[in-house]
Amino acid sequence: MIDDYFNGNVPEKKGIKGIITGPSTIVFSSRISHFYRSKNDAILDLANSLKYEVMAIEEKVNPKYIQIDEPFLSTGLVDFKTAREAISIISESVDVPISMHVCGTLDSSFKELVKFDVDILDCEFAGNDVNLNVLRENAGLLKNKKIGFGCIDTSVNEVDSYDDVQNLIREGIAIVGSKNIIIDPDCGLRRASPDVAFEKLQLISKAVKEFS
Ligand SMILES: [Zn+2]
């Protein structure tokens, strides 16, 4: 069955999510030579290039939404004003909903992240014992944003306990409401073997069916 998902095949009627790595994360994981006086200039220039990539994804594959991965926004290294401006440059260039994925602990960044011009804020809640409380205390700041609710621990190569995942989703729904929650894994599944990754996704699929 796992073979069905190889070779770029998209399961019928499921739709797909477009993904790019965000400008702040790319710049902060690169060595910038003296052409730029500051990383912030590079981030804004990169955003003006990445918007064409996002526009191409929207046009060519008609995704359900496009996710921008910005894990560096939880590190404390990034200037939020610049990062926010860069994300706006990208999100304003398309009509498709935009999600921003920020893994890591959010106690010092959540209040800034809710100000970004995105439709969905996607964070980790399974392999992190701080973020659920951060969400609980700041859910009122989300306004019209939905939460991408990571409910599978992607830091381990083992299948999660179904009871734990159910309980976590239940808590998430109690905080933001079932209409404002999108269930997904904490982060990418690169640490899991293909078989374990598939079982983890099956577990999410089973939980979603139960709650919908
Ligand atoms: Zn991540």
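Residues numbered from 1 in each chain as written. Predicted model: local features only at pLDDT ≥ 70, side-chain atom pairs only at ≥ 80, totals over all residues. Heavy atoms only, no water.

**Things to note about the coordination of the zinc ion**
For a metal with four donors in a tetrahedral arrangement, the ideal angle between donors is 109.5 degrees, while six donors in an octahedron ideally sit at 90 or 180 degrees. Taken together, the protein donors to the zinc ion comprise His101 (NE2), Cys103 (SG) and Cys187 (SG), at separations of 2.1 to 2.3 Å. Summarised as a motif, the one-chain spacing of the donors to the zinc ion is H-x1-C-x83-C. With histidine 101 in strand E3 (residues 98-101) and cysteine 187 in the loop between strand E6 (181-184) and helix H7 (194-211), this residue pair connects regions lying 86 residues apart in the sequence. (Donors = N, O, S within 2.8 Å, 3.2 Å for Na, K, Ca; no water. Helix = DSSP H or I, 4+ residues; strand = E, 2+ residues; numbered from the N terminus.)

**Looking at helix H3 (residues 80-91)**
Compared with the 16 Å implied by 1.5 Å per residue over twelve residues, the 16 Å span of H3 between its first and last C-alpha is a close match. Across the twelve residues that make up H3, a large majority, nine, are buried. For H3, every residue scored as buried is listed here: Phe80, Thr82, Ala83, Ala86, Ile87, Ser88, Ile89, Ile90 and Ser91. In this structure, the buried side of H3 is in contact with strand E1 (17-21), helix H1 (23-28), helix H2 (39-61), strand E2 (65-69), E3 and helix H4 (110-113). (Expected span 1.5 Å × (residues − 1). Buried < 20%, exposed > 50% of the residue type's maximum accessible area, 1.4 Å probe, protein only. Contact = heavy atoms within 4.5 Å.)

**Quick look at the environment of aspartate 163**
Within the fold, aspartate 163 resides in helix H6 (residues 162-176). Owing to a relative accessible area of 51%, aspartate 163 belongs among the exposed residues under this scheme. Placed 44 residues apart in sequence, aspartate 163 and alanine 207 show a C-alpha to C-alpha distance of 9.7 Å.

**What to know about the domain arrangement of the chain**
Interfaces are often sized by the accessible area lost when the parts come together. Domain boundaries in the chain define domain 1 (16-118) and domain 2 (142-212). The straight-line distance from the C-alpha centre of domain 1 to that of domain 2 is 23 Å. In this complex, domain 1 contributes eight residues to the contact, which on the side of domain 2 involves five residues. Here domain 1 packs against domain 2, burying approximately 500 Å² in sum over the two surfaces, 63% of which is carbon and sulfur. Put simply, domain 1 and domain 2 have zero salt bridges between them. Where domain 1 touches domain 2, the interface holds two residue pairs in polar contact (both at pLDDT 80 or more). A class-by-class count of the residues in the side of domain 1 that touches domain 2 yields seven nonpolar, one polar and no charged. (Domains from an automatic or database assignment. Buried area = accessible area lost by both parts, 1.4 Å probe. Salt bridge = Lys/Arg side-chain N within 4 Å of Asp/Glu carboxyl O. Polar contact = N/O pair within 3.5 Å; in protein donor to acceptor, adjacent residues only side chain to side chain. Nonpolar A, V, L, I, M, F, W, Y, C, P; charged D, E, K, R; others polar.)

**Re the pattern of salt bridges**
Throughout the structure, instances matching the rule amount to four salt bridges. Glutamate 112 is paired through a salt bridge with lysine 115; the nearest N and O atoms lie 3.4 Å apart. Among the residues examined, glutamate 112 registers a relative accessible area of 24% and is labelled partly exposed. For lysine 115, a relative accessible area of 48% puts it in the partly exposed group. Here arginine 136 and glutamate 171 are joined by a salt bridge, their closest N and O atoms 3.0 Å apart. Separated by 35 residues along the polypeptide, arginine 136 in helix H5 (residues 131-138) and glutamate 171 in helix H6 bring together distant segments of the chain. Residue class for glutamate 171 comes out partly exposed when judged on its relative accessible area of 34%. Three or more residues are tied together by salt bridges with common partners; here these are Arg84, Glu112 and Lys115.

**Topic: the side chain of threonine 82**
Among the secondary structure elements, threonine 82 is positioned in helix H3. A relative accessible area of 8% places threonine 82 in the buried class. Within the structure, threonine 82 has its side chain in polar contact with the side chain of asparagine 40 (distance 3.4 Å). Polar contacts involving the side chain of threonine 82 include one to the side chain of aspartate 79, which spans 2.4 Å. Not counting residues up to four positions away in its chain, the partners in contact with threonine 82 are Asn40, Ile43 and Leu44.

**Thoughts on the packing of H5 against H6**
Where H5 meets H6, the axes come as close as 9 Å, and the angle between the chain directions of the two elements is 20 degrees. As the angle between them shows, H5 and H6 are arranged roughly parallel. The handedness of the crossing between H5 and H6 is left-handed. Residue-level inspection shows Leu132, Leu135 and Arg136 of H5 in contact with H6, the latter providing Leu168, Glu171, Ile175 and Val176. Here the residues of the contact of H5 with H6 sort into five nonpolar, no polar and two charged. (Axes fitted to C-alpha atoms, helices over the stretch in contact; angles between N-to-C directions. Parallel < 35°, antiparallel > 145°, perpendicular 65-115°, else oblique. Left-handed = near helix turned anticlockwise from the far one by under 90°.)

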